[in-house]
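If you want the building blocks of each chain, they are given just below.
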Amino acid sequence: MKIGILGTGMVGVALGSKLVQVGHDVKMGSRTPNNEKAVTWAKENGAHASYGTFADAAAFGEVVFNCTAGTASLAAVTAAGAANLKGKVLVDVANPLDFSKGMPPTLTVCNTDSLAEQIQRAFPSVNVVKALNTMNCAVMVNPTLVPGDHDVFLCGNDRQAKEKVTEIVKSFGWRSIIDLGDITAARGMEMLLPIWLRLMGHYQSPNFNFKIVR
Ligand SMILES: NC(=O)c1ccc[n+]([C@@H]2O[C@H](COP(=O)([O-])OP(=O)(O)OC[C@H]3O[C@@H](n4cnc5c(N)ncnc54)[C@H](OP(=O)(O)O)[C@@H]3O)[C@@H](O)[C@H]2O)c1
C-alpha cells in the first residue's frame, strides 16, 4: 500500500519505519519540503521511503497517519488538504496535549469532544480512525516490548476504514484489537493520557500498556 505520514517526530519515524519494513511505500510529510528529520529518515529507510510536505504525503497515501503535535494537528491536516485526503483513511495517533504550562501537560479538549472528532468534523469526507494513541511509539510498532497480551484500542465512524487499520496494526504484531465504536470513543482514548503519563512516572519507563481483564 502507499501510506502517507504527517509528522517528523518520534512517532512518525517509528510508524514510517515499521510500515516500510512490513512492505509499504511511505512518504513522510512536514511543514517544509526538505525537513531535516524526514530527509534523514528517508535515507535510512531505502527506496520505499520518501519525503515532502504534508500535502505531498496526503496526496501520496491511500492511508494517511496523523503523527503531529495535538495542538497543531488541525493546522497540519488543513495543510495536508481536504482534496488530497478525500475518501481516504486518516489514522489519528495524536494526543491533544498542551505542554505550554509545563508538566504534566493538560488536554486541550476532553469530556464532550476530542481531537479526533474535531478533525472528523473539519474534514467530513475523510474517514478518521483513532488508534494507537494510548501507548509509547516503540510499543506501537513492537508490541512484544511488553510481555503477554495487551490491547490496542481503535474507533471511528466507518467500518471499512477500521478494518483497514486493523489489518495494518495486525501486521505490526498486535493480536488484541478492541473496536470501541464510533469516533466519539476517542474522548476516552485521549483522556487515558493523564493516567498514562502518571504510569510512566511511576515505572520510569514507557514500555508498558493497558490490558482489559474481564
Ligand atoms: N511519543 C510517543 O510515543 C507518542 C505515543 C502516542 C501518541 N503520541 C502523539 O503523537 C503525536 C506525535 O508525537 P511526536 O512526539 O512524534 O511529535 P511532536 O513533536 O508532538 O510533533 C511533531 C510534528 O508536529 C508538527 N507541528 C508542530 N507544530 C506545528 C504547527 N504549528 N503546525 C503544523 N505542524 C506542526 C511538526 O511539523 P514539522 O515536521 O514541520 O516540524 C512535526 O511533524 C503527538 O500528538 C503525540 O501526543 C506520541
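Nothing here was measured: the structure is a model prediction, and the numbers come from that model.

A.B. asks: Looking at this model, I keep getting lost on the environment of Met189. Mind explaining?
C.D. replies: Of note, Met189 is situated in helix H9 (residues 186-191). Classification of Met189 as buried rests on a relative accessible area of 1%. Beyond its immediate sequence surroundings of up to four residues, Met189 is in contact with Lys130, Ala131, Asn133, Thr134, Phe153, Leu154, Cys155 and Leu180.

A.B. asks: Honestly, the sheet that holds strand E9 (residues 151-156) in this entry has me stumped. Any pointers?
C.D. replies: As a general point, the strands of a sheet are linked pairwise by backbone hydrogen bonds and lie either parallel or antiparallel. Taken together, the eight strands give an open sheet; going across it, the order is E3-E2-E1-E4-E5-E8-E9-E10, and neighbouring strands pair in mixed fashion. Both outer strands of the open sheet, strand E3 (49-53) and strand E10 (176-179), are each paired with one neighbouring strand and no more. On average, each strand axis in the sheet is tilted by 25 degrees relative to the strand beside it, whichever way the strands run. Pairing between strand E5 (residues 89-92) and strand E8 (residues 127-131): four bridges, direction parallel. Bridging across to E8, Val91 finds its partner in Val129. Contacts from helix H6 (residues 115-122) reach strand E4 (63-66), E5 and E8 within the one sheet, and its direction differs from that of E8 by about 170 degrees.

A.B. asks: Any chance you could explain the side chain of Thr68 here in plain terms?
C.D. replies: Relative to the elements of secondary structure, Thr68 occurs in the loop between E4 and helix H4 (73-80). Apart from the residues within four sequence positions on either side, Thr68 is in contact with Leu6, Gly7, Phe54, Ser73, Ala76 and Ala94.

A.B. asks: Hey, could you run me through unusual backbone geometry in this one?
C.D. replies: Generally, phi is negative for residues other than glycine and the peptide bonds are trans, each holding for most cases. A cis amide bond links Met103 to the next residue, Pro104, at an omega of -5 degrees. Phi at Gln204 is positive, roughly 55 degrees, even though this residue is not glycine. Inspection of the secondary structure assignment puts Gln204 in the segment after helix H10 (193-203). The exposed category is assigned to Gln204, whose relative accessible area is 68%.

A.B. asks: Hey, could you run me through helix H2 (residues 36-45) in this one?
C.D. replies: Every α-helix carries 3.6 residues per turn, so stepping three or four residues along brings you back to the same face. For H2, the full list of buried residues reads Ala38, Trp41, Ala42 and Asn45. The buried side chains of H2 occupy one side of the element, clustering within an arc of 100 degrees when seen end-on. When the buried face of H2 is taken as reference, the exposed residues oriented beyond 90 degrees from it are Glu36, Lys43 and Glu44. In this structure, the buried side of H2 is in contact with helix H1 (10-21), strand E2 (25-30) and E3. The N-capping residue of H2, defined by a side-chain oxygen 2.8 Å from the backbone nitrogen of Lys37, is Asn35.

Parameters at a glance
- Every residue gets a number counted from 1 within its own chain, in the order that chain's sequence is written.
- Restriction of local features to residues with pLDDT of at least 70 applies here, the model being predicted, together with a cutoff of 80 or more for giving and counting side-chain atom pairs; totals for whole chains, interfaces and linings are based on all residues.
- Each side-chain value is worked out from all heavy atoms of the structure, with water and hydrogens disregarded.
- Where helices and strands are cited, they refer to DSSP runs of H or I of at least four residues and of E of at least two residues respectively, numbered from the N terminus.
- Here's how the labels work: a residue is buried when its accessible area is under 20% of the maximum for its type, exposed when over 50%, partly exposed in between, all with a 1.4 Å probe on protein chains only.
- We call two residues in contact whenever any of their non-hydrogen atoms come within 4.5 Å of each other.
- At least two DSSP bridges between two strands are needed for those strands to be called paired.
- To obtain each axis, a line is fitted to C-alpha atoms, and for helices this fit is confined to the stretch in contact; angles are then taken between N-to-C directions over 0 to 180 degrees.
- Relevant arc is that of directions from the helix axis to the C-beta atoms, nothing else.
- In the analysis that follows, any N or O atom pair within 3.5 Å is treated as a polar contact, provided that within protein one partner can donate a hydrogen and the other can accept it, and provided that, for residues neighboring in sequence, both atoms belong to side chains.

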